[in-house]
Amino acid sequence: AVVSTQSTGMLGVGEASEEENDIVKRTMMETNPVILGVTVVVSLIHTIFEFLAFKNDIQFWKSRQSLEGLSVRSILFNIFTQLIVVLYVLDNDTNTMVVISVCIGLCIEFWKITKVMDVSVDLANPWFGIIPRIQVQDKSSYSESPTKEYDRLAFKYLSWVLTPLLLGYAIYSL
């Protein structure tokens, strides 16, 4: 029996068109093997270090009891920037490993929210009668520490610098 390659693939993952196969063959034939080998080794080492960084980030936040000295606003800002990076990577048809790595980073940032803030779901007061309302409050170890005030001041001054830069770049990119 003849089986097509599309029916045996896992939802299109790992399947390549003839054009992509030709590009890979041409790259293998025309590129110095040493450069290809170094590229593979560097890519593997980068991936290992990235996942070690994910592991250490999770370990740090799991063991954290007090939020004194840690910026909650920076975590919220990191979620915003990570979300932009994920959307950019998805829009540009980037390598699957890069997409997976960036999405894992975004998931870790969302998980951190549950560590630095009290998140609860209010089923009694849904939006539009159906969508559960999510309530987010500062943890007591953060709101009772001077870190909250330092965090507010730092982002105030940072916004003074970033807002004109962002506006300038937006005008420049038009």
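Here is a short report on the structure shown in this document.

How each quantity is defined
- Residues numbered from 1 in each chain as written.
- Predicted model: local features only at pLDDT ≥ 70, side-chain atom pairs only at ≥ 80, totals over all residues.
- Heavy atoms only, no water.
- Helix = DSSP H or I, 4+ residues; strand = E, 2+ residues; numbered from the N terminus.
- Buried < 20%, exposed > 50% of the residue type's maximum accessible area, 1.4 Å probe, protein only.
- Core = buried A, V, L, I, M, F, W, Y, C linked by side-chain atoms within 4.5 Å.
- Pairing = 2+ DSSP bridges.

Further remarks concern the environment of glutamine 65. Counting through the fold element by element, glutamine 65 comes out in the loop between α3 (33–63) and α4 (72–91). Overall, the relative accessible area of 71% leaves glutamine 65 in the exposed class. Remark: the alpha-carbon pair of glutamine 65 and lysine 115, spanning 50 residues in sequence, is separated by 9.0 Å.

Turning to the nonpolar core, a few remarks are in order. One finds Trp61, Leu67, Leu70, Val72, Ile75, Ile79, Ile113, Val116 and Met117 forming the largest nonpolar core, which totals 9 residues. Where this core is concerned, the elements lending two or more residues are α4 and α5 (96–116). Residue contributions to this core peak at 3 residues, all from α4. Residues Val89, Val99, Val102 and Leu106 belong to the second largest nonpolar core, which totals 5 residues.

Note: strand β1 (residues 117–127) against strand β2 (residues 131–138), 7 bridges, orientation antiparallel. By the bridge assignment, valine 119 is partnered in β2 with valine 136. Counting the residues in the hairpin turn of β1 and β2 gives 3 residues, including phenylalanine 128, whose phi is positive at 55 degrees.

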